[in-house]
Each structure stands twice: as structure tokens, then as C-alpha cells.
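# Observations on chain architecture
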Amino acid sequence: MIARREPESAVPLAHLQAKRRSNTVGARTRLILMPELPDIAAYIGALESRIVGQPLEQVRLASAFLLRTAQPPLSSVEGRVVRELRRVGKRIVIGTDNDLWLALHLMIAGRLHWRAPAAKLVGRQSLAAFDFPNGSLILTEAGTKRRASLHILSGAESLRSLDPGGIDIFSSDLDSFRATLTAENHTLKRALTDPRLVSGIGNAYSDEILHGARLSPVTLTRKLSLEEWERLFAATQHTIGFWVELLQAEAKKGFPEKVTAFRNGMAVHGRYGKPCPRCGDKVLRIRYADKETNYCARCQTDGRVLADRSLSRLLRSDWPRTLEELEALKHR
């Protein structure tokens, strides 16, 4: 990995991340696992060495719902040589001869796999195969809902229609980052995961960013001090940069087959009930529908337990407001 100068606020977390490789996620977890910027970067890194300079011999669709465009036709990309790969938001974009572009959005449960040439599409989860002389790129999607999509576009300018418009964290500075996230007054969690504001950050890495910045996920963007903005910006660049480099390094050893939002070395995401690597207190969570936000009350909310919508309504006045009240409730 390339040596990086760590922001002061993230140095302890960086060392802990490098050491921790033992936490796992229980089988009971059924949360959104959408691939985010580091995962997309890992896919692109793995694909560049495999398909750039290679002709796309054939595209086989097992699901007619995957393709969302009619023109140019699917057949127009067959036989074209791949010239480059790009990331547009959370899409993987493959550019071929004649300025044609295939844009894949994996959505929540879509995953890519590298298989032997002309590999068969097996099972209901297999949606498409992109055949190259040296192997087949297989797209699968778990579950019954078909959300993954494929767009075929002509001309690089047409890719703008697929870009939500969020800023790139590495090409922006503190002032533009702050201005973008304060355009509307949202919680930090919502602002970081809004693709119209910030490109490529989702549920998992926003948890890690906020823990690294020692900020509450429900703090409003217009309530932050300048020092807190500096911490948030540094933590965002560090966290995403750290995981991009780590996952790209792993992708060089083999195609990334196990893309997940829960990774060994994460500080809080997917670690509900486990000790915070910074202070040792148990990681807490807020659950809304099928999303979960993980945080450390001691490090991020001055010891205040954030209200979970369903449980706080159930417990009403008995809902614990602090870590001490939460521990007392557990021992009743």
C-alpha cells in the first residue's frame, strides 16, 4: 500500500484498523449491503487488468429487466474492444471502441464474479454474462427484487445523465465540502450518504467516517463548528482512502468475490454490541426499516444514547438517555 500521512484525528483508528481482523457479523443481520466507493474501486482495479484491451465478444442476458436502454442496441457493443473503465457515482462504467459505454449499477444486492470463458448462467441469481476471450464477467443479484441495471450509451457526454452530481471527496477541499453539505440542513448521516451531495459513500463507510471524526450521526450540518468540519473532512478523506487502498491491494491478489458492507477492521459498522476500538464501550445502533446506523455513544455523542424510532416509542419515558441509564435498564 502507498504510504499516507494520516490526519491527526484518525491516527489511533488507523493503527487499530490495521491490527483488528477478527470481528464477524452474526447470521441474524439482514441489512443493506450496497457496494460503496471502495468496493467499486476494487472491482474496477480487478477488471482493468482483465478486460482493458480485450474485445467484448458477447453479452448474454438472463433477465430482460436488467437492460434499461433501447438505443444503442445491445449488439452494438459486441466485438468492441474495451478501452477504459470509470466510476460514475456507484456505477461501474465500461468504455469501448466507437465511444460506446456500458454502465452497471449493482444497487443493493448485485455482485460481479470472474469466471472461465463462456461460463454458464446458473440459477435465478445470475442476470448477465459479459464474455471476453480470457474469461466471463458474471453479474448476479441476491433476493427476489431486481434492482441492478445496465445502460448502454453513446458518447462520454451521455454519462452525465447517470451522475447524481455528488462531489468527489478527493478532488474537493474543505470549503467546497462544507458548502455542499450545508446547502440544506440535514443530519450528518443523511448528508454523507446523499449521492447528490457526496459521491460513492453509503451506510457502512459513513458510520466509519463519523466514528473517526468523533461526531454524532444525527448532528445537523449547520450546527458544526469549524473545528468539527475540519475533523469531518479529514476523517472522510482518510477513511475512504484507507479502504480504497486496502481493497485494491486485495483485488490484485484475486478478483473480489466477497464484497460486503461488513469488513474485518471496521471500527463500528456491523459491530453492534462489540467494544469500540477507541474507548472500549459497546457499539450501539439506530435501526430504521432495513438500515442500521452504528455508533459509539462515549466517543460520538458525549455518552447520550440516541433514540431508536421503534424502541423509543415502545419504552417512552423509560427510554435510556445515557449509557449509565442503558446499563441500569439492562440489569433490571
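Residue indices follow the written sequence of each chain, beginning from 1 at its first position. With the structure being a predicted model, the display of local features is reserved for residues of pLDDT at least 70 and the display and counting of side-chain atom pairs for 80 or more, all residues being used for whole-chain, interface and lining totals. Hydrogens and waters are ignored; side-chain quantities use all the structure's heavy atoms.

### Details of the pairing of strand 8 (residues 149-154)
- Only protein chains enter the accessibility calculation, which uses a 1.4 Å probe; a residue is then buried when its area is under 20% of its type maximum, exposed when over 50%, and partly exposed in between. By the criteria applied, helices consist of DSSP H or I runs no shorter than four residues and strands consist of E runs no shorter than two, each listed in order from the N terminus. For strand 8, the buried fraction is high: five of the six residues fall into the buried class.
- Any two strands with at least two DSSP bridges between them are considered paired. Relative to strand 8, strand 4 (residues 100-105) is paired through six bridges, and the arrangement is antiparallel. Counted as the bridge partner of Leu104 is Leu150 from strand 8.

### Comments concerning the pairing of strand 7 (residues 135-141)
- Burial analysis of strand 7 places seven of its seven residues in the buried class, the great majority of the element.
- Every second residue of strand 7 is oriented toward a common face, with Gly135, Leu137, Leu139 and Glu141 on one face and Ser136, Ile138 and Thr140 on the other, all of them buried.
- Two strands pair when backbone bridges link them, and strand 5 (residues 110-115) and strand 7 are joined in this way by six bridges, in the antiparallel orientation. Across the sheet, residue Arg111 finds its bridge partner in strand 7, namely Thr140.
- Where strand 6 (residues 126-132) lies against strand 7, six bridges are found, and the strand directions are antiparallel.

### A short note on the sheet that holds strand 6
- Pairing in this open sheet of four strands is antiparallel, and the strands run 1-6-7-5 from one edge to the other. Here the strands that pair on one side only, and so sit at the sheet edges, are strand 1 (58-61) and strand 5. Each strand axis lies, on average, 15 degrees off the axis of its neighbour in the sheet, ignoring direction.
- Relative to strand 6, strand 1 is paired through four bridges, and the arrangement is antiparallel. Note that in strand 6 the partner of Val59 across the bridge is Phe130.
- Two residues qualify as a contact provided that any one of their heavy atoms is within 4.5 Å of a heavy atom in the partner residue. Each axis is a line fitted through C-alpha atoms, taken for helices only over the stretch in contact, and angles between the N-to-C directions span 0 to 180 degrees. Here helix 2 (residues 37-51) sits on the sheet in contact with strand 5, strand 6 and strand 7, set at roughly 30 degrees to strand 5.

### Details of the environment of Leu139
- With respect to the element layout, Leu139 can be found in strand 7.
- We classify Leu139 as buried; its relative accessible area is 0%.
- Counting along the chain gives 27 residues from Leu139 to Leu112, while the straight-line C-alpha distance between them is 4.8 Å.
- Setting aside chain neighbours within four positions, we find Leu139 in contact with Leu66, Leu104, Leu106, Arg111, Leu112, Gln125, Ser126, Leu127 and Ala128.

### A closer look at the packing of helix 3 (residues 174-181) against helix 6 (residues 226-251)
- Relative orientation of the contacting elements helix 3 and helix 6 amounts to 105 degrees, with a least axis distance of 10 Å. Looking at the two axes, helix 3 sits roughly perpendicular to helix 6. Mapping the contact onto sequence places Leu174, Phe177, Arg178 and Leu181 in helix 3 and Leu226, Trp229, Glu230, Leu232, Phe233 and Thr236 in helix 6.
- The classification used treats Ala, Val, Leu, Ile, Met, Phe, Trp, Tyr, Cys and Pro as nonpolar, Asp, Glu, Lys and Arg as charged, and all other residues, Gly among them, as polar. Taken together, the residues of the contact of helix 3 with helix 6 sort by class into seven nonpolar, one polar and two charged. Here the word oblique covers every angle except those under 35 degrees (roughly parallel), over 145 (roughly antiparallel) and from 65 to 115 (roughly perpendicular).

### With respect to the nonpolar core
- Formed by 65 residues in total, the largest nonpolar core has its most connected members in Ile92, Leu112, Phe130, Phe177 and Leu232.
- Ranked by residues supplied to this core, first place goes to helix 6 with 11 residues.
- Filtering out sequence-adjacent residues up to four positions away, Leu112 remains in contact with Tyr43, Leu47, Ile92, Leu104, Leu106, Leu137, Ile138, Leu139, Phe255, Pro256 and Glu257.
- The set of buried Ala, Val, Leu, Ile, Met, Phe, Trp, Tyr and Cys residues whose side-chain atoms join them within 4.5 Å is what this entry labels a nonpolar core. Counting seven residues, the second-largest nonpolar core is a separate cluster that includes Val88, Val93, Trp101 and Leu159.

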